[in-house]
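Residues per chain, in single letters:
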Amino acid sequence: MTHPFLDLPPLSAERFAAIEDGVARLLDTRQDVLITQGEALLPLEGAIRAAAGPGTVALNVITGPYGQTFGNWLRDAGATVYDLSVPFHTAVTAGQVREAFAAHPEIDFVSLVHAEAATGNTNPVAEIGEAVREQGALFYLDAVASVGAEPVLPDAWGVDLCVIGAQKAMGGPAGVSAISVSERAWARMAANPNAPRRSYLSLLDWKERWIDAGRKALPHAPAQLEMLALEACLERIESDGLETVMARHRRAALASRAGAVALGGGLEPYVYEDRDAAPVATTLRVPSGVVASELVARALATDPALPLAAGGGALAREMIRVNHYGPDAAPGAVQSCLAALGAALAEEGLPVDPNAARRAVEQAWR
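Residues numbered from 1 in each chain as written. Predicted model: local features only at pLDDT ≥ 70, side-chain atom pairs only at ≥ 80, totals over all residues. Heavy atoms only, no water.

1. Section: the packing of helix α7 (residues 183–190) against helix α8 (residues 203–211)
At step 1: In the contact formed by α7 and α8, the axes pass within 10 Å of each other and the chain directions differ by 115 degrees. Viewed along their axes, α7 and α8 form a crossing whose handedness is left-handed. Listed contacts from α8 to W186, M189 and A190 of α7 are L203, L204, K207 and I211.
At step 2: Along the lines of polarity and charge, the residues of the contact of α7 with α8 split into six nonpolar, no polar and one charged. (Axes fitted to C-alpha atoms, helices over the stretch in contact; angles between N-to-C directions. Helix = DSSP H or I, 4+ residues; strand = E, 2+ residues; numbered from the N terminus. Left-handed = near helix turned anticlockwise from the far one by under 90°. Contact = heavy atoms within 4.5 Å. Nonpolar A, V, L, I, M, F, W, Y, C, P; charged D, E, K, R; others polar.)

This is how it looks when you write it as C-alpha cells:
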C-alpha cells in the first residue's frame with residue numbers, strides 16, 4: 001500500500017530549523033524559538049517547571065481555567081504564588097497588576113493567558129507587559145489561542161516565555177507547539193536546580209543538544225507529519241498575510257456577538273465589553289431556565305460539525321462557545337451556528353429572529 005503520508009524521507013535538521021525560523025517570523029521575535037514535539041501543554045508546563053521553583057514569588061493571573069492550572073503547577077514547583085483573579089466575563093488590567101506588585105514587591109514571575117478560548121476573553125498584554133517590565137519580573141505568556149487571531153509580539157511586549165499552538169486560529173496541527181525563550185529566561189532556568197533535566201519536559205535539554213549545538217542534529221526523531229503540517233500552516237499564513245488572517249477572526253467575533261444579540265431568545269455575550277472579547281472564540285450566556293449543554297446538544301443534532309460547544313465544568317449550564325477559529329473564521333460558520341442555536345431556542349418556546357441575526361452578521365462582516 002502507498003499513501004502520501006507514508007514512506008516519507010526523514011525530516012532533516014535543516015528543515016526543522018527552517019520551520020522554527022518561520023515561527024520566529026510569525027512572532028516577530030529574535031528570541032530563541034523551540035518547536036516542541038507535543039500539544040502545547042508540554043511547553044506550558046515545561047517552562048513553568050524550568051523557570052520557577054523554591055524562592056520564586058509568582059503573580060498568577062486567572063481569567064479562566066488555564067490560569068488556574070498554571071497556579072497549580074507553580075505551587076507544585078515550590079513557588080510562592082499570589083493569584084490575581086478577575087471575573088471570567090472580563091479581562092485583567094495593567095492597573096490591577098501594578099496593585100498586586102505594590103502589595104507584594106517581591107514578585108519576580110508573572111504568568112498570564114493572553115486569550116482564554118474557554119471563557120472568550122482576552123487580556124491587554126502590551127499594557128501588562130509594560131507593568132511587568134517596571135517590576136523586573138519574568139513574564140510567561142500562554143498565547144496558544146491568540147496567535148493568528150490577534151497580535152502576539154514577545155519582543156515588543158517584554159515576554160520572556162511565550163507558548164503558542166497551531167490548532168486554533170492558525171488552523172494547523174495540534175500535535176506540535178512552540179515556545180520563544182529570552183536570554184534571561186534561559187538564565188533563570190540554568191540557575192534553577194529543580195529545572196527538569198533528562199526529561200520530556202526539559203527545555204534545557206533541547207537548548208543544550210539543539211540550539212547550543214548549532215541546530216545541526218535533532219535530539220530525537222521529530223513528529224514528522226505534524227511538523228510538515230505546521231510548515232504548511234506557516235506558509236499559508238505568510239501567503240494570506242497575517243493581518244488578513246487576524247482580520248477574519250476579528251470580524252468573526254464581532255459578527256457572532258452582533259448576530260447573537262439580534263437573534264434574541266435571551267442569548268447575550270458572556271464577555272460584556274467588546275474590547276475584552278477574544279477574536280478566537282465568542283462565548284454566549286443562555287437565558288434563565290435554559291441549560292447551555294442541552295441547547296448545544298440540540299443545535300449539534302442538526303449538524304455535528306458545527307464549531308459549537310458548551311462551557312466546561314460548572315460553565316456547562318450557562319455558557320455556549322462559538323469556536324470561530326482557523327477555517328471557521330468565516331461568515332458561513334457564524335451564520336450556521338446562530339441558525340442552529342436559533343432553532344434550538346425556538347424549540348424551547350423562546351422568540352427568535354433568524355433573519356435579524358443573518359443581517360447583523362452580514363453587516364458586521366463588511
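2. Section: the sheet that holds strand β13 (residues 319–322)
At step 1: Within the open sheet, the four strands sit side by side as β10-β11-β13-β12. Their pairing is antiparallel. Whereas interior strands pair on both sides, the edge strands pair on one side only; in this sheet they are β10 (268–269) and β12 (308–310).
At step 2: Where helix α10 (residues 242–263) meets the sheet, it contacts β10, β11 (282–285) and β13, and its direction lies at approximately 15 degrees from that of β11. (Pairing = 2+ DSSP bridges.)

3. Digging into the environment of S256
At step 1: Structurally, S256 is set in helix α10.
At step 2: A C-alpha to C-alpha distance of 9.0 Å links S256 and T283, two positions 27 residues apart in sequence.
At step 3: When neighbours within four sequence positions are excluded, S256 is seen to be in contact with T282, V322, H324, V334 and L338.

4. Side note on the pattern of salt bridges
At step 1: Under the counting rule described, the total for this entry stands at 22 salt bridges.
At step 2: The salt bridge involving R257 is made with D274; its shortest N-O contact spans 2.8 Å. Remark: D274 occurs in the loop between β10 and β11 and R257 occurs in helix α10; sequence separation between them is 17 residues.
At step 3: With a relative accessible area of 8%, R257 lands in the buried category.
At step 4: When the shortest N-O distance is used, the salt bridge between R298 and E348 registers 2.3 Å. (Salt bridge = Lys/Arg side-chain N within 4 Å of Asp/Glu carboxyl O. Buried < 20%, exposed > 50% of the residue type's maximum accessible area, 1.4 Å probe, protein only.)

5. Things to note about the sheet that holds strand β2 (residues 57–62)
At step 1: Strand order in this open sheet of seven strands is β1-β9-β8-β7-β4-β2-β3, and the pairing throughout is mixed. Lying at the two open borders of the sheet, with one neighbouring strand each, are β1 (32–36) and β3 (80–85). Averaged over all pairs of adjacent strands, the angle between their axes in this sheet comes to 15 degrees, without regard to strand direction.
At step 2: In this structure, β1 lies alongside strand β9 (residues 177–181), joined through five bridges in antiparallel fashion. Paired with T36 across the strands is S177, a residue of β9.

6. What to know about the layout of surface pockets
At step 1: Computed from the structure, the largest pocket encloses a volume of approximately 220 Å³.
At step 2: If you trace the largest pocket, you find 18 residues lining it, with Y66, A117, V144, A145 and K168 closest to the centre.
At step 3: Mapped by element, the contributors of at least two residues to the lining of the largest pocket are α2 (41–51) and β5 (115–116).
At step 4: Here the residues of the lining of the largest pocket sort into eleven nonpolar, two polar and five charged.
At step 5: A volume near 170 Å³ is recorded for the second largest pocket.
At step 6: Taken together, E150, P151, R250, A253, L254, R257, D274, A277 and P279 make up the full set of residues lining the second largest pocket.
At step 7: In terms of residue class, the lining of the second largest pocket is built from five nonpolar, no polar and four charged. (1 Å grid on protein atoms, 1.4 Å probe; cavity = no way out; pocket = protein on both sides within 12 Å on 5 of 7 lines; lining within 4 Å. Points joined across faces, edges and corners; volume = space filled by probe spheres on them.)

7. Structural notes on the nonpolar core
At step 1: Judged by nonpolar contacts, the single largest core of 80 residues is most densely connected at I35, Y140, L161, I164, M170 and M189.
At step 2: Top element by residues in this core is helix α1 (residues 13–27). It accounts for eight residues.
At step 3: With residues up to four places along the chain from it excluded, the contact list for I164 reads V23, L26, L27, A40, A143, V144, V147, M170, S177 and A178.
At step 4: Grouped together as the second largest cluster of nonpolar side chains are 28 residues, A252, V322, L338 and A344 included. (Core = buried A, V, L, I, M, F, W, Y, C linked by side-chain atoms within 4.5 Å.)

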